[in-house]
Amino acid sequence: AVGATAWAYYSFAPKVAGQVLVTGVLTAMAVFAIKVGWVAAIAHGDEPRDMLIYTQTTHDLRQIRDEINRLAVESGKGRELVVQVDASEGFAWPWSWYLRDYKYVGYPMMGPDYEPEQGAVLLVAKANASYIDPGKWNLSQGIPYRHRAWFPEEYKGYTFSAFANDILRPAKWREWADFFFERKLPAPTGSSDAVAFFPAGFESGLGADQWVLPDEPTITSDGNQTVLGGTGSKAGQYLQPAGVAVGATGTIYVVDSGNQRVQMLDADGNAVSYVGGSGSGPGMFGQATDGPWGIAVGPDGSVYVADTWNHRIQKFGSDLTFVATWGRAYTGEAMELDTLFGPRSIAIDAESNLLVADTGNARIIKFSPEGEPLGSFGTKFPLAATEGAQPGAGEPALDELWEPVGITIGPQGDVYIADFWNLRIVHLSADLAPIDAIDVPTWGSRYVTDRPYLLALDDGRLLATDPASGTILVFSADGTLATSYDVPDTEGVSARPIALAQTPDGDILVSDGAGNVVRKIQLSDISP
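Quick caveat, the model's predicted, so the values are computed rather than measured.

Conventions and cut-offs
- Residues numbered from 1 in each chain as written.
- Predicted model: local features only at pLDDT ≥ 70, side-chain atom pairs only at ≥ 80, totals over all residues.
- Heavy atoms only, no water.
- Helix = DSSP H or I, 4+ residues; strand = E, 2+ residues; numbered from the N terminus.
- Rg over C-alpha atoms; globule rule 2.2 N^0.38 Å.
- Contact = heavy atoms within 4.5 Å.
- Areas by Shrake-Rupley, 256 points an atom, 1.4 Å probe, with all protein chains shown as cover.
- Lys, Arg positive; Asp, Glu negative; His and termini not counted.
- Charge placed at Lys NZ, Arg CZ, Asp CG, Glu CD.
- Core = buried A, V, L, I, M, F, W, Y, C linked by side-chain atoms within 4.5 Å.
- Buried < 20%, exposed > 50% of the residue type's maximum accessible area, 1.4 Å probe, protein only.
- Salt bridge = Lys/Arg side-chain N within 4 Å of Asp/Glu carboxyl O.
- Pairing = 2+ DSSP bridges.
- Expected span 1.5 Å × (residues − 1).
- Arc of directions from axis to C-beta.
- Axes fitted to C-alpha atoms, helices over the stretch in contact; angles between N-to-C directions.

Novice: How would you explain the overall build of the chain if you had to name every residue and give the values?
Specialist: Counting its secondary structure elements, the chain contains seven helices and 35 strands. For 528 residues, the compact-globule estimate of 2.2 N^0.38 gives 24 Å, and the chain sits close to it at 25 Å. Long-range pairs, those at least 24 residues apart, make up 52% of the contacts in the chain between residues at least 6 apart in sequence. Approximately 23,300 Å² of the chain is accessible, and the part contributed by carbon and sulfur atoms is 55%. Across the chain, the mean location of the 36 positive side-chain charges is 8 Å away from that of the 64 negative side-chain charges.

If you want it as structure tokens, here you go:
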């Protein structure tokens, strides 16, 4: 349009040039409007990637409906199958339409006194899922699903000062461009979640407790990288994978957070076994869609999992057999060393002790392998309690933490903490004495899925994920930023790298919480 306008100006007259300019702008706007309409209505018709509709029903409901229809046929009950839908949170719609042909559909409030009919399908609000006892009522393990979804609401409370800060960050430019041109969301859509319970014995193809191989391969290649996983709930598939750890023999453990489980893979990436399920019992993780995050493997092969939203640590054998659990939720009382608030990460020191990032309480706690508290480091940065405080504000002391997440231990025993909202990595000695800090100005995202993890290499270099920008940052042994590596997108979904681990042959494993894969990348590709 600019070139045509200039040609018209010099070849004809300013008036003609103006007409050409207006025509070009209107044509460009029309093309853009058509594209936006097509993307919103067709390409992403069941996903809210534009702020055109506040909330919409998700595709998950149709999948659950199809499973209900299949159960009706296989059980011989047909339209007399009993279905009960939680009346809270407005969940009756659109179930009243999808289930209009069934005779016995009820809409009770599913609180602590609720008792279901025998053989009924239960569709329960996530907040009430803990009231359902599958063992008592002969039900299968609950299947989490999204009832409604909406455009990410992180824009709420977004201030001009935050915008002025973001406009100076190149990572934000990429994020904005990805959304404007490709409608790649910088954060997961918001959702109103629920859990479906089917009668025991019915093998739902959606069940997170189904350990069956998917039809599609879960080990693929992307150039010289090996890609493990794919979106789903079957063996070797993931929903929002988080922590990754590797045993001495090369066994890989992946925290499959969205499926509330930990998967064990062999050294080649083949799915072997798992432990998990939604709940608070031994070997269970979180409630509905609130899964675990961190994982570490001890020298004896023991596997430790940060069961984030059960506010505890769980210990398993190398085969994922449950061993023990410790920790209890912090509820505002005097804070003790065994009270946890959303622990996110675990590291193992040279004496086999655990260092746990007690994220919500802004501290690091040291435990023995048996769960005995041995000490702690850190207090909450006072500015964190100030309304409207932005990440990176103020001048915290080294022991004042704000959203500590990833934790790793260097070759000499030094400890590194991802002090996320203070935009830095805090460096401690082996006895948890503060030494210095490394600035990470690109950190600070408020999105709940953007949490960085660390990995110390044997040569002193330090790797850190930056989920919001889709990169792995590489720091030299002296703490200077040496380079950064862009993690490849997966099937058009912008990468959100979360956790890191290193295999015995030196390759780097990185979990991609948006692409639902774990990538095996040669270290030389990340840091030549």
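What follows continues from the structure just given.
Novice: Explain the nonpolar core to me, and be specific about the residues and the numbers.
Specialist: Judged by nonpolar contacts, the single largest core of 47 residues is most densely connected at Val262, Ile425 and Trp443. Leu61, Ala194, Ala196 and Phe202 belong to the second largest nonpolar core, which has 21 residues in total.

Novice: Just give me the short version of the pattern of salt bridges, but keep the residues and values in it.
Specialist: Scanning all chains against the criterion turns up 14 salt bridges. A salt bridge links Arg70 to Glu74, with the nearest nitrogen and oxygen atoms 2.9 Å apart. Of this pair, Arg70 and Glu74 both sit in helix α3 (residues 60–75), four residues apart, roughly one helical turn. In this structure, Asp222 engages Arg519 in a salt bridge whose closest nitrogen and oxygen atoms are separated by 3.0 Å. With a gap of 297 residues between them, Asp222 in strand β7 (residues 219–222) and Arg519 in strand β35 (residues 517–521) connect regions that are remote in the sequence. Salt bridges linked by common partners bring Glu67, Arg70 and Glu74 together as one network.

Novice: I'd like to hear about the pairing of strand β8 (residues 225–229), residue by residue, with values.
Specialist: Looking along a regular strand, one sees side chains alternate from face to face of the sheet. Taken across its five residues, β8 has four buried, putting it largely inside the fold. Judged from the four bridges that link them, β7 and β8 form a sheet pairing that is antiparallel. In the strand pairing of β8, Ser221 is matched with Thr226. Counted between consecutive antiparallel strands, the loop separating β7 from β8 contains two residues, among which Gly223 sits at a positive phi close to 65°. Here β8 runs beside β35; their pairing, made up of four bridges, is antiparallel. Residue Val227 lies in a different strand from β35, and its bridge partner there is Arg519.

Novice: Any chance you could break down the environment of Ser318 for me, citing the residues and the numbers?
Specialist: Relative to the assigned elements, Ser318 resides in the loop between β15 (312–316) and β16 (322–326). For Ser318 and Tyr238, which are 80 residues apart along the polypeptide, the C-alpha to C-alpha distance reads 20 Å. Not counting residues within four places of it along the chain, the set of residues in contact with Ser318 comprises Tyr253, Met264, Gly301 and Val303.

Novice: Lay out the pairing of strand β28 (residues 434–439) in plain terms, naming residues and giving numbers.
Specialist: Pairing geometry for strand β27 (residues 424–428) and β28, over five bridges, is antiparallel. Along β28, the bridge assignment pairs Val426 with Ala437. Between the antiparallel neighbours β27 and β28 lie five residues, among them Leu432 with a positive phi of about 70°.

Novice: Can you tell me about α3, naming the residues and giving the values?
Specialist: Between its first and last C-alpha, α3 extends 22 Å over 16 residues, near the 22 Å set by a 1.5 Å rise per residue. Taken together, the buried positions of α3 are occupied by Asp60, Leu61, Ile64, Glu67, Ile68, Leu71 and Ala72. One side of α3 holds all its buried residues, which, seen down the axis, span an arc of 145°. Pointing more than 90 degrees away from the buried face of α3 are the exposed residues Val73 and Glu74. If you follow the buried residues of α3, they end up packed against β1 (56–57), β2 (82–85), α4 (92–98), β4 (121–125), β5 (143–150) and β6 (190–197). At the C-terminal side of α3, Gly76 shows a positive phi close to 80°.

Novice: Tell me what's going on with the sheet that holds strand β3 (residues 104–106), and back it up with residues and numbers.
Specialist: Spatially, the six strands line up as an open sheet ordered β1-β5-β6-β4-β2-β3, and their pairing is mixed. Each end of this open sheet is capped by a strand with a single partner; those strands are β1 and β3. Direction of pairing for β1 relative to β5: antiparallel, over a ladder of two bridges. For Thr57, the partnering residue across the bridge sits in β5 and is Arg148. Across the sheet, α3 is in contact with β1, β2, β4, β5 and β6; its angle to β5 comes to roughly 140°.

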